[in-house]
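What the coordinates show
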Amino acid sequence: MKYIPLLLSLLFVGCSAQQPQASFRQISMEQAVIMMAEEENYIILDVRRADEFAAGHIPGAVNIPNESIGTEEIPQLPDKDQLILVYCRSGNRSKQAAGKLANLGYTNIVEFGGILDWTGETVTE
């Protein structure tokens, strides 16, 4: 009987310690193309390696490799409320990067898959 208050207090502490999970939206490539045509003041973020980016990327995209996104602030992305459209090669790294960005406090992240599905123009460096 004397352990019941202790167990109850542990139960309440455990329940109150949960925090909401940061999130991002996922859309199709077609929806991303429409969004790029209709929206203004957004960033297209390519999270592939620098060599992949140099070989061909969406015009106007900024390259920040997924592996470099951690817990530090990102100088190239100063506005945490700005619309950020994230892609990679196939969609795996972009989902990882979008989750990391959400955890860093970015609030308007849209993940749209990989450049393998991109039918528009690409540019090389």
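What you are looking at is a predicted structure, and each value in this text was computed from that prediction instead of being measured.

1. Overview of the sheet that holds strand E4 (residues 83–88)
A sheet is described by the order of its strands in space; here 5 strands give the open sequence E1-E5-E4-E2-E3, paired in parallel fashion. Only two strands of the sheet have a single partner each, and these edge strands are strand E1 (25–26) and strand E3 (62–63). Bridging between E1 and strand E5 (residues 109–114) involves 2 bridges; their strand directions are parallel. Residue pairing in the sheet places Gln26 in a bridge with Glu111 of E5. Those strands touched by helix H2 (residues 29–38) are E1, strand E2 (42–46), E4 and E5, and its axis lies near 130 degrees from that of E5.

2. Some words on unusual backbone geometry
Leaving glycine out, the prevailing phi sign among residues is negative, and the prevailing peptide bond configuration is trans. Despite not being glycine, Asn41 shows a phi value in the positive range, around 55 degrees. For Asn41, the position within the fold is in the loop between H2 and E2. Note on Asn41: relative accessible area 59%, which makes it exposed.

3. With respect to the pairing of E4
Where burial is concerned, most of E4 is hidden: 6 out of the 6 residues are buried. Neither face of E4 is left uncovered, since the one carrying Leu83, Leu85 and Tyr87 and the one carrying Ile84, Val86 and Cys88 both have all their residues buried. Note that E2 and E4 share 5 bridges and pair parallel. Pairing of Tyr42 across the sheet is with Leu83, part of E4. Summarising the sheet, E4 and E5 pair through 4 bridges and their orientation is parallel. What sits directly across from Val86, in E5, is Glu111. Each parallel crossover has a hand, and the one from E4 via helix H4 (residues 92–103) to E5 is right-handed.

4. Focus: the side chain of Gln82
Along the polypeptide, Gln82 turns up in the loop between E3 and E4. Side-chain polar atoms of Gln82 contact the side chain of Asn41, separated by 3.1 Å.

5. Examining the packing of aromatic side chains
Pairs of aromatic rings are described using the distance from one ring centre to the other and the angle between the two planes. Applying the stated criterion across every chain yields a total of 1 aromatic pair. Centre to centre, the rings of Tyr87 and Phe112 are 5.5 Å apart; their planes meet at 40 degrees, and the pair counts as tilted. Here Tyr87, found in strand E4, pairs with Phe112, found in strand E5; they are 25 residues apart in sequence, far enough to count as distant. For the pair formed by Tyr87 and Phe112, the shared burial category is buried. Taking the ring centre of Tyr106 as reference, the NZ or CZ of Lys80 above it sits at 5.3 Å.

6. Here we look at the pattern of salt bridges
Under the defined criterion, the tally for this structure stands at 6 salt bridges. Of the charged contacts in the structure, one is a salt bridge between Arg49 and Asp51, with a shortest N-O distance of 3.0 Å. A relative accessible area of 41% places Arg49 in the partly exposed class. For Lys80, the salt bridge goes to Glu73, with nearest N and O atoms at 3.1 Å. Under the relative-accessibility criterion, Glu73 is labelled exposed at 56%. Salt bridges linked by common partners bring Arg49, Asp51, Glu52 and Arg93 together as one network.

Rules used throughout
- Residues numbered from 1 in each chain as written.
- Predicted model: local features only at pLDDT ≥ 70, side-chain atom pairs only at ≥ 80, totals over all residues.
- Heavy atoms only, no water.
- Pairing = 2+ DSSP bridges.
- Helix = DSSP H or I, 4+ residues; strand = E, 2+ residues; numbered from the N terminus.
- Contact = heavy atoms within 4.5 Å.
- Axes fitted to C-alpha atoms, helices over the stretch in contact; angles between N-to-C directions.
- Buried < 20%, exposed > 50% of the residue type's maximum accessible area, 1.4 Å probe, protein only.
- Right-handed = clockwise from strand over helix to strand, strands pointing away.
- Polar contact = N/O pair within 3.5 Å; in protein donor to acceptor, adjacent residues only side chain to side chain.
- Phe/Tyr/Trp six-rings, centres within 6.5 Å; stacked < 30°, edge-to-face > 60°.
- Lys NZ or Arg CZ within 6 Å of the ring centre and 35° of its normal.
- Salt bridge = Lys/Arg side-chain N within 4 Å of Asp/Glu carboxyl O.

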